[in-house]
Amino acid sequence: MNRIIKKAGILIVVFLAAVLVWFFSSRQLMEQDETIYVVMDDASLPIVTVEMLGRTMNRMPGYCQDMGSAAAGDSLTVLPEDRMLPVHIAGSADGILGLSYEIRSLDLARLVENTRVESWETEDGGIVAKLPIQNLLTKDREYLLRIQLDTEQHGPVYYYTRIVWTDAAAAQSMVDMAVDFSEKTFDYDQAKSLVRYLETDNSEDNSTFGHTGIRSGFSQLTWGKLAMQPTGPVQTVLKELDGAMSCVELNYLASRTDENGETEYYDVKEAFTMKWSQLRIYLMDYDRTVNQIFQGRRSDYSGKRLMLGIMNEDQIDVKRSPNRKIYAFRVNRELWSYAADERSNRAVKVFSFRGDDRNDARENDSRHDIRLLQVDDDGSMDFLVYGYMSRGNHEGQLGIVGYRYEASDNALEELFFIPAQTSFEELAEDLNRLAYLTEGDMLYLMAGDAVYGIDLKSRENMVVADALRDGSYAVSADFSRIAWQDGGELYRAGMLHLMDLETGEKRDIRGESGEYVRTLGFVGRDLVYGIADESDFWMVNGRVENLPMHTIRIINDRMQEETSYEKSGYYVSEVQVEESRIHLKRVVRTGDGQYAPAQEDTIICNAAMGPGKLDGIGWYASQDKGKLYFVQLDQEVKSGRSIHLTVPRKVSFDRADTLELRANDQLEEMIFYAYGGGRLLGTAVDFHEAVELAYAKMGIVTDRNHQILWSRVNRGNIRNIRDPLAAFEPVQKYLEESECGGISESQTVVLDARGCSLTQILYFIDRGIPVKAYTDGGSWLLLCGFDQYNVTVYDPKTGETYKAGLNDSTEYFRVRGNDFICAVQLP
């Protein structure tokens, strides 16, 4: 009996020892971030690339929804001379049931070709096929190609790229140069040949490796002392090719070994804007962004700092729970949380699309981001994931997913999905304007030109405001208040609405009889608005320039009038709100509908500003790594104490709803899209504003279908329109009958280019488009040619054509408001 008890005791001791060994081994693996956690399905959609310009490039993400022309900006494919386009489809060939393609005009109005591919070859588990594109294309004109894969698992999957049939020699030279340039930056000696492309400026910020530009120093370009090296394949994408101009984007993973012998990983994106000539290729703009992938290792926690590393500021933010004990932070498209108490330090990798395979381009797709809404005292939180869903329940769809993380269950719950037929950049622009969750679980967000309210308890949604035109609405810095003008009218609104999203309280503000009201912005939570007489319109050359206001008023946090500004004889034409200061541009009346600039004025307010975007984020300068960002902690992480790292153990979809957001009214005005460095820089209803956005980045301006309306780079040095009056006559009726910025039935876009400089509008003359330039008293001239020193002018009053100095003409039109109009014929 004693022997049996003794044996049992030995077995128990052995069992307990095994449990302890397993526990500490598992914990050590977790701390080293080597445990594989699976909380959502891996990416499974096939990857499609094209063979062009001597390399495999233009990776296209698969969509399980029809995207129309929304994905047109992703890439541009140059067809071979025989138009037989080779495509590579990576993934299981067994699951592909059919392959077809469709070609349309960029506005989708005209179907050019719809063909089913009957045969293909299998290679390394994937497919190689050739698309036999017919001879129905116009040379040098862009079209939209949609490739359709019929799959066993996902049904129809769509892939999009723009295509152009053109001479490929210049394009290949520029793509080769971009790839060669990137490779040489990792070798100091080879990189010396790149110096001729740089425009190094000593005033340029070389303090961070997070961003490198064409004006950066040579050491910055060659990674300093980082000893950085590329890891895995480089994704090469041709973004634009317009005449002699091209934009090429490279995406890849890079790595280095830190001072502790551990490997750090970085997302790198390079954008090249180039201009080709027979003599050489000119680098017009270069942009490299680098963002470290946070791994949550013990070495990332140092003193009162949670180190994020080399980052760009738009990739990081932090929120804290009301009790200040929980830190939730977004870093490089991932969401984490950290909490410390007397017993342990706990970190949770709440959400990430990145998987175990760092080289899988699908799980490292950058076309998504996270918006953190709120954090509870127990570590639970609500957040949005928006953009392209590269894995999980909505793989291959683009939209917004609402999530709730329950800390007590260590589980994610999907609340809703909002599908969107737009680009990721536009979606991000909307949510940057408004995304706010109230304590009562009402979510308010902007989508398109409307604001919606979503009850997270019932999943019901409503339209709060629609037809919101830029300049007709404003949102407070903390997103808790919104004001908008009735009907989306910019200058003719008789009423504006002010709403406190947290309480639901709403106030309507009206002017007196014969008055209009204008929303001007917020100082903290205080609304700034203006009042103008309906007879005070500022008219320039028959078009409304502005509606100067005689009174400026401020409504405080309690919905009461706080301040009123009014000066006899003065009107306010523009208002700029800058923290606690309101800068007023003033004018005086000089005649009926005429005004002249006056001395500016400023209103200083004492409203509370609230936290800034980078509150809780700090940085310090490292000798070798430059500026390093960190989350500022209140208490030091105790030395010797491990970090308990976990991920959600499951994701729940069973109660999720798909929401369709539909506005009652939509704006019909034209939207201009500014692109630079291969990405969307912003949108505007004012053509001049879009040009200004694109100008510094050597960019382009397009319509919503990615049809180019203006380009900074693609312009020659000399051009003359032989018969300017004849070239101008066909579009004169549109200038008289159509509203500027609108599209006629014959696809003529009338552009109000007021505010653009003479240099900027020379692009149109280079395209053979005369430009109408107003002078004084409604008179106008026709600009019809230029060279390096002069601009050619046609005077319709005298019928004479003459040349004027380019510098003198630039100043002449500037003092007269740079008032230009032209008409562009779309293909």
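Residues numbered from 1 in each chain as written. Predicted model: local features only at pLDDT ≥ 70, side-chain atom pairs only at ≥ 80, totals over all residues. Heavy atoms only, no water.

## Topic: the overall build of the chain
Then, in step 1: Within the chain one finds 8 helices and 59 strands.
Then, in step 2: Overall, the chain is about 125 × 70 × 50 Å in size when its C-alpha atoms are taken along their principal axes.
Then, in step 3: Looking at the 827 residues of the chain, the share that counts as buried comes to 54%.
Then, in step 4: Taking all contacts inside the chain whose residues are at least 6 apart in sequence as the whole, residues at least 24 apart take part in 57%.
Then, in step 5: For the chain, the exposed area adds up to about 37,500 Å²; of that, 45% sits on carbon and sulfur atoms.
Then, in step 6: Across the chain, the centroid of the 89 positively charged side chains sits 4 Å from that of the 129 negatively charged ones. (Helix = DSSP H or I, 4+ residues; strand = E, 2+ residues; numbered from the N terminus. Buried < 20%, exposed > 50% of the residue type's maximum accessible area, 1.4 Å probe, protein only. Contact = heavy atoms within 4.5 Å. Areas by Shrake-Rupley, 256 points an atom, 1.4 Å probe, with all protein chains shown as cover. Lys, Arg positive; Asp, Glu negative; His and termini not counted. Charge placed at Lys NZ, Arg CZ, Asp CG, Glu CD.)

## A look at the pairing of strand 21 (residues 345–351)
Note on strand geometry: in a regular strand, side chains alternate between the two faces of the sheet.
Then, in step 1: The element strand 21 is largely enclosed, with a buried count of 5 among its 7 residues.
Then, in step 2: Sheet topology places strand 21 next to strand 46 (residues 643–646); 4 bridges connect them, and they run parallel. Directly across from Asn345, in strand 46, lies its bridge partner Ile643. (Pairing = 2+ DSSP bridges.)

## What about the packing of helix 5 (residues 687–695) against helix 7 (residues 758–766)?
Then, in step 1: The contact between helix 5 and helix 7 brings their axes to 11 Å, and the two run at 100 degrees. Judged by the inter-axis angle, helix 5 sits roughly perpendicular to helix 7. Residues Phe687, Val691, Glu692 and Tyr695 of helix 5 form the contact with helix 7, whose own contacting residues are Thr759, Gln760 and Phe764.
Then, in step 2: Looking at the contact of helix 5 with helix 7, its residues break down into 4 nonpolar, 2 polar and 1 charged. (Axes fitted to C-alpha atoms, helices over the stretch in contact; angles between N-to-C directions. Parallel < 35°, antiparallel > 145°, perpendicular 65-115°, else oblique. Nonpolar A, V, L, I, M, F, W, Y, C, P; charged D, E, K, R; others polar.)

## Here's the deal with the sheet that holds strand 49 (residues 672–676)
Then, in step 1: With antiparallel pairing, 4 strands are arranged side by side in an open sheet as 50-49-51-52. If you trace the sheet from one side to the other, it starts and ends with strand 50 (679–684) and strand 52 (708–711), each paired once. Averaged over all adjacent pairs, the angle separating strand axes in this sheet is 25 degrees, with direction ignored.
Then, in step 2: Here 5 bridges tie strand 49 to strand 50, and the two strands are oriented antiparallel to one another. Within strand 50, the position partnered with Phe672 by the bridge is Ala684.

## Remarks on the confidence of the model for the chain
Then, in step 1: Overall, the prediction assigns the chain a mean pLDDT of 90, with 92% of residues at 70 or greater.
Then, in step 2: A low-confidence stretch, residues 1–8 stays under pLDDT 50, and its non-local contacts, those more than four residues away or across chains, total 0 contacts.
Then, in step 3: Across residues 10–38 the pLDDT falls below 50, and counting only partners more than four positions away or on other chains, this stretch makes 16 contacts in the model. (pLDDT = per-residue confidence, 0-100.)

## Notes on the packing of aromatic side chains
Then, in step 1: By the definition in use, this model includes 29 aromatic pairs.
Then, in step 2: Measuring from centroid to centroid gives 5.6 Å for Phe294 and Phe329, while their planes differ by 85 degrees, and the two rings are edge-to-face. Residue Phe294 is found in the loop between strand 15 (281–292) and strand 16 (301–302), and its partner Phe329 is found in strand 19 (residues 326–331); the two are separated by 35 residues along the sequence.
Then, in step 3: The class of Phe294 is buried, set by a relative accessible area of 4%.
Then, in step 4: With a centroid separation of 5.2 Å and an interplanar angle of 40 degrees, the aromatic rings of Tyr301 and Tyr338 are classed as tilted. In this pair, Tyr301 sits in strand 16 while Tyr338 sits in strand 20 (residues 334–340), placing the two residues 37 residues apart along the sequence. Each member of the pair, Tyr301 as well as Tyr338, carries the same accessibility label: buried.
Then, in step 5: A network of ring pairs unites the aromatic residues Phe181, Tyr197, Phe272 and Tyr286 as a single cluster. (Phe/Tyr/Trp six-rings, centres within 6.5 Å; stacked < 30°, edge-to-face > 60°.)

## Things to note about unusual backbone geometry
Then, in step 1: Unlike most non-glycine residues, Asn58 shows phi in positive territory, near 55 degrees.
Then, in step 2: Topologically, Asn58 is positioned in strand 2 (residues 55–60).

## Re the pairing of strand 40 (residues 571–578)
Then, in step 1: Bridge count for strand 40 against strand 41 (residues 581–591) is 7 bridges, and the pairing is antiparallel. Looking at the pairing, Glu574 lines up with Lys585 of strand 41.
Then, in step 2: Connecting strand 40 to the antiparallel partner strand 41 that follows it, the hairpin turn spans 2 residues, and Glu579 within it adopts a positive phi of roughly 55 degrees.

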